[in-house]
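Summary of structural features
This is what each chain is made of:
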Amino acid sequence: MGIDFHSKKNRFTYTTRTADSSWKKTIKQLVPFENVSKAVDIGCGGGIYSKALAGMGVASVTGIDFSEEILEGATINCKDNKNISFRYGSAYDTGLHSNNFDVVLERALIHHLDELKNCFKEAYRILNDEGYYIVQDRTPDDCLLKGNDNHIRGYLFELFPRLIDKEVSRRYTSQFVLETLKKVGFRKIEEVKVWETRKVYPTKNQLLKDLSERTGRSILHELDDNELRIFINHVDKSLSSNNSIIEKDRWTIWKAVK
């Protein structure tokens, strides 16, 4: 089935949360933001991380996405941030000027791409010399960790093993990412593993509502309505508390310098 990024009904699916302080802390440890004035967020979705970059002191943030519907949602989400702009483009062809940005961010993007080298070459082109490239995604190892009170995503693959091959096959290994970064010409390459807080839900019912609406979770679009109900019921029974739920996801972040 899969999510339709170009459907009007999904316009706001990636606008319903904010980047957690755990993410900001990790990125600040990798990038000296006192030297950053211009950043681009490629595959920006609803602008969650574009807004985070602006909040971290970046004077000008440009969000790029290949879906006009998603970009419309991002524009509305960030309407109060005058230093954020959005434009249509792709990871292979952003339409941006060369040597023009201090930071390029690509979060939860590369698993959607078939040509990783071309993606990295475009990021290299638009970065200033000494500019920072931040790529964040899941490796196959990150995907299949067991579910628990925090790692809600893990329950999905325990219930529906057929999704394992699909999920793993679209993820790049860390070795491949590192090798491709080097081939493109990046240096000072560093990798970190993080548990990023995705969202804090005051009650379990609010989490279950998000799941039922498939909000911001493309993998849930692989389930039909009956399978989704099975998943939600399983999460409901598995979580030990009806109160605050701190949902966390496991990610790998690669930092490189032009």
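Whatever comes next refers back to the structure up there.
Our subject in this report is the structure included herewith. (Residues numbered from 1 in each chain as written. Predicted model: local features only at pLDDT ≥ 70, side-chain atom pairs only at ≥ 80, totals over all residues. Heavy atoms only, no water.)

**A closer look at the overall build of the protein chain**
What the protein chain contains, in helices and strands, is ten helices and seven strands. Relative to the 2.2 N^0.38 estimate, which gives 18 Å for 258 residues, the radius of gyration of the protein chain is 18 Å and therefore close to what a compact globule would have. With respect to the three principal axes, the spread of C-alpha positions in the protein chain is 50 × 40 × 30 Å. Of all 258 residues assigned to the protein chain, the portion counted as buried reaches 53%. Surface exposure of the protein chain reaches about 12000 Å², of which carbon and sulfur atoms provide 47%. Side-chain charges of the protein chain comprise 40 positive and 37 negative groups, with the mean position of each set lying 3 Å from the other. (Helix = DSSP H or I, 4+ residues; strand = E, 2+ residues; numbered from the N terminus. Rg over C-alpha atoms; globule rule 2.2 N^0.38 Å. Buried < 20%, exposed > 50% of the residue type's maximum accessible area, 1.4 Å probe, protein only. Areas by Shrake-Rupley, 256 points an atom, 1.4 Å probe, with all protein chains shown as cover. Lys, Arg positive; Asp, Glu negative; His and termini not counted. Charge placed at Lys NZ, Arg CZ, Asp CG, Glu CD.)

**Brief notes about the pattern of salt bridges**
For the coordinates displayed, the defined rule picks out 21 salt bridges. One salt bridge in this structure joins Glu69 and Arg11, with 2.7 Å as the shortest N-O distance. Here the residue Glu69 occupies a position in helix H3 (residues 68-77), and Arg11 occupies one in the segment before helix H1 (21-30), the gap between them amounting to 58 residues. By relative accessible area, Glu69 is classed as buried at 18%. A salt bridge links Arg171 to Glu167; the nearest nitrogen and oxygen atoms lie 2.9 Å apart. By relative accessible area, Arg171 is classed as buried at 6%. We classify Glu167 as buried; its relative accessible area is 0%. (Salt bridge = Lys/Arg side-chain N within 4 Å of Asp/Glu carboxyl O.)

**Examining the packing of aromatic side chains**
Applying the stated rule across the entire model yields seven aromatic pairs. Aromatic pair Phe5 and Tyr14: ring centres 6.4 Å apart, planes at 25°, arrangement stacked. A centroid spacing of 5.1 Å and a plane angle of 85° characterise the contact between Tyr124 and Phe186, whose relative ring orientation is edge-to-face. Linking Tyr124 in helix H4 (residues 116-126) with Phe186 in the loop between helix H8 (174-184) and strand E6 (187-201), this pair joins segments that are 62 residues apart in sequence. The class of Phe186 is buried, set by a relative accessible area of 5%. Taken together, the ring pairs in this structure connect Phe120, Tyr124, Tyr133 and Phe186 into an aromatic cluster. Between Lys38 and the ring centre of Phe101, over which it is positioned, the NZ or CZ distance is 5.3 Å. The ring of Trp251 carries Arg107 above its face, with NZ or CZ at 4.4 Å from the centroid. (Phe/Tyr/Trp six-rings, centres within 6.5 Å; stacked < 30°, edge-to-face > 60°. Lys NZ or Arg CZ within 6 Å of the ring centre and 35° of its normal.)

**Focus on the sheet that holds strand E7 (residues 245-257)**
With respect to topology, seven strands assemble into an open sheet ordered E3-E2-E1-E4-E5-E7-E6, the strand pairing being mixed. Looking at strand neighbours, the two that pair on one side only are strand E3 (84-88) and E6, the edges of this open sheet. Within this sheet the neighbouring strands show an average axis-to-axis angle of 20°, counted without direction. In the sheet, E6 pairs with E7 via twelve bridges, with the strands oriented antiparallel. Paired with Arg187 across the bridge in E7 is Val257. Along the sheet, H1 makes contact with strand E4 (101-107), strand E5 (127-137), E6 and E7, crossing E6 at roughly 165°. Packing against the sheet, H3 makes contact with strand E2 (60-65) and E3, and its axis sits at approximately 170° to E3. (Pairing = 2+ DSSP bridges. Axes fitted to C-alpha atoms, helices over the stretch in contact; angles between N-to-C directions. Contact = heavy atoms within 4.5 Å.)

**Comments concerning the state of the cysteines**
Per the counting criterion, the structure on display carries zero disulfides. No disulfide involves Cys44; its sulfur sits 8.1 Å from that of Cys78, the nearest cysteine. Between Cys119, a cysteine without a disulfide, and Cys44, which holds the nearest cysteine sulfur, the sulfur-to-sulfur distance is 14 Å. (Disulfide = S-S within 2.5 Å.)

**Quick word on the nonpolar core**
Residues Trp23, Val31, Phe33 and Leu53 are the most contacted members of the largest nonpolar core, which totals 30 residues. For this core, the secondary structure elements donating two or more residues are H1, helix H2 (48-55), H3, E3, E4, E5 and E7. Looking at which element gives the most residues to this core, the answer is H2, with five residues. When residues no more than four places from it in sequence are discounted, the contact partners of Phe33 are Ile27, Lys28, Leu53, Met56 and Val58. Counting residues in hydrophobic clusters, the runner-up holds 25 residues, among them Ile126, Val177, Leu181 and Val184. (Core = buried A, V, L, I, M, F, W, Y, C linked by side-chain atoms within 4.5 Å.)

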